[in-house]
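Coordinate analysis (summary)
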Amino acid sequence: MRGARRSGLLALGGIALAAVLAVIGHLEVNDDLSPWSLTVSDFAVSDRGGVIDTAMAVLAVASAVLLPALRRAGAGRAAVALLVAWSAGLLAAAVVPTNEPGLPMDTAAYVHRYASVLSFLALPVAGWLLARRLGAAPAGWLRAWTVASLLLATAMIWSAYPGDRALIGLAERLLILAETALLTTLALTVARTRAALTPARGA
C-alpha cells in the first residue's frame, strides 16, 4: 500500500510540474502565435527541445509511474495497455517534432500527429475501463472526464478536417485540460490507498 501511495504522489508531482512547464512554454513563445488557432505542437516546434516538449515528456513519465501500482491492484490488461499507449504516444510526440505552421507535413510530422491521436484516444478509454474498479465518487469523476475528453477529441477532429482548423488550438487545450484532470483523478485515487482499485465482480 505504501508503494501505491508513493506512486500516486510521484505522479501528482509530475503532473503539476508538467502543467507549470506548459504554462511557461506558452508565455515564452513569439507573440505572433495564437493559442486559439494553433496547437500546442505548433508552439513547441517554435522552441524545439524547450519547456513544452519537456512538459510532454514529464507527463508521460508521470503516467508511467502509475502503471505498477495499477497492475498490482488488479487493473485489467486492456486498461494497462491503453495507459502504456498513452505514455508512449505522448513521449513519441515530445521527441518527434511536427512541422512549422503553414509548411507541408513531412514524415516526422505525420508520426507526431498520429502519436498524439493515439494518446488522446487511449487515455479516456483506459479511464472508462478503470472506473469500473473504483469507488462511486472517483469512478463518477473519472467517467465525467472521460466523456468530456471524448467529446473534445471529436470537436478537435472536426476542426482538423471539415472545420478548416477553426479554433483547433482552443479545442486541443480544453482536451488536454480534461485529460490532465482524468489523469489527476486516477493519481489521487492511487495515492489514497484506502480508495485503491478493487477487483471486478467475477475476477
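Residues numbered from 1 in each chain as written. Predicted model: local features only at pLDDT ≥ 70, side-chain atom pairs only at ≥ 80, totals over all residues. Heavy atoms only, no water.

A short note on the overall build of the protein
Rules: Each helix is a run of DSSP H or I of at least 4 residues and each strand a run of E of at least 2, with the numbering of both proceeding from the N terminus. Each residue's exposure class comes from its accessible area (1.4 Å probe, protein chains only) as a fraction of the maximum for that residue type: buried when under 20%, exposed when over 50%, partly exposed otherwise. Only heavy atoms matter for contacts: two residues are in contact if any of them lie within 4.5 Å across the pair. In this description, accessible areas are obtained by the Shrake-Rupley approach with a 1.4 Å probe, and a residue is regarded as covered only by the protein chains that are shown. The sign given to each residue is positive for Lys and Arg and negative for Asp and Glu; His and the chain ends receive no count. Every charge is mapped onto a representative atom, which is NZ of Lys, CZ of Arg, CG of Asp or CD of Glu.
The helix and strand inventory of the protein stands at seven helices and zero strands. For the protein, the spread of C-alpha atoms along the principal axes amounts to about 50 × 30 × 25 Å. Going through the 203 residues of the protein one by one, you find that 44% of them count as buried. Counting contacts in the protein only where the partners sit at least 6 residues apart, residues at least 24 apart contribute 74% of the total. Accessible surface, the protein: about 10,400 Å² in total, of which carbon and sulfur atoms supply 67%. The average position of the 16 basic charges and that of the 11 acidic charges among the side chains of the protein differ by 28 Å.

Comments concerning the pattern of salt bridges
Any two side chains of opposite charge can pair, given that their charged atoms come close. Going by this rule: Between Lys or Arg on one side and Asp or Glu on the other, a salt bridge is scored when a side-chain nitrogen of the former is within 4 Å of a carboxyl oxygen of the latter.
Here the structure, examined in full by the defined rule, presents one salt bridge. Its salt-bridge partner being R165, residue D42 comes within 3.4 Å of it at the nearest N-O pair. Remark: R165 occurs in the loop between α6 (136-160) and α7 (168-191) and D42 occurs in helix α2 (residues 40-45); sequence separation between them is 123 residues. Looking at D42, the relative accessible area reads 8%, which means it is buried.

Let's talk about the packing of helix α5 (residues 107-131) against α7
Working note: a packed helix pair is described by the angle between its axes plus the distance between those axes. Stated precisely, the cut-off is as follows: The axes are straight lines fitted to the C-alpha atoms, using for helices just the contacting stretch, and the angles between their N-to-C directions are given from 0 to 180°. Here a crossing is called left-handed whenever its near helix is offset anticlockwise from the far helix by less than a right angle, and right-handed whenever the offset is clockwise. Residues are grouped as follows: Ala, Val, Leu, Ile, Met, Phe, Trp, Tyr, Cys and Pro are nonpolar; Asp, Glu, Lys and Arg are charged; all remaining types, including Gly, are polar.
Look at α5 against α7: their axes get within 10 Å of each other, and the N-to-C directions meet at 35°. Note that α5 runs across α7; the crossing there is left-handed. Every residue of α7 that contacts α5 at S119, F120, L123, P124, G127 and L130 is listed here: E172, L175, I176, E179, L182, L183 and L186. The class makeup of the residues in the contact of α5 with α7 is nine nonpolar, two polar and two charged.

Some words on unusual backbone geometry
Located in the positive-phi region is D164, a residue other than glycine, with phi close to 55°. Tracing the sequence through the fold places D164 in the loop between α6 and α7. In this structure, L167 is a non-glycine residue whose phi angle is positive, near 50°. Inspection of the secondary structure puts L167 in the loop between α6 and α7.

Comments concerning helix α3 (residues 51-72)
So the rule is basically this: Multiplying one less than the number of residues by 1.5 Å gives the expected span of a helix.
Helix length check: α3 (22 residues) gives 33 Å between terminal C-alpha atoms against 32 Å at 1.5 Å per residue, within 8%. Among the residues trailing α3, G74 stands out with phi positive, at a value near 100°.

A word on the environment of L82
Along the chain, L82 falls in helix α4 (residues 77-95). For the pair L82 and A126, spaced 44 residues apart in sequence, the C-alpha separation works out to 5.5 Å. Setting aside residues up to four positions removed in sequence, L82 forms contacts with A122, V125, A126 and L129.

Quick notes on the confidence of the model for the protein
Worth spelling out the cut-off: Values of pLDDT, ranging from 0 to 100, describe the predictor's confidence in every residue of the model.
Per-residue pLDDT for the protein has a mean of 88; in total, 91% of the residues score no lower than 70. With pLDDT under 50 throughout, residues 199-203 is counted as low confidence; its partners more than four residues away or in other chains account for two contacts.

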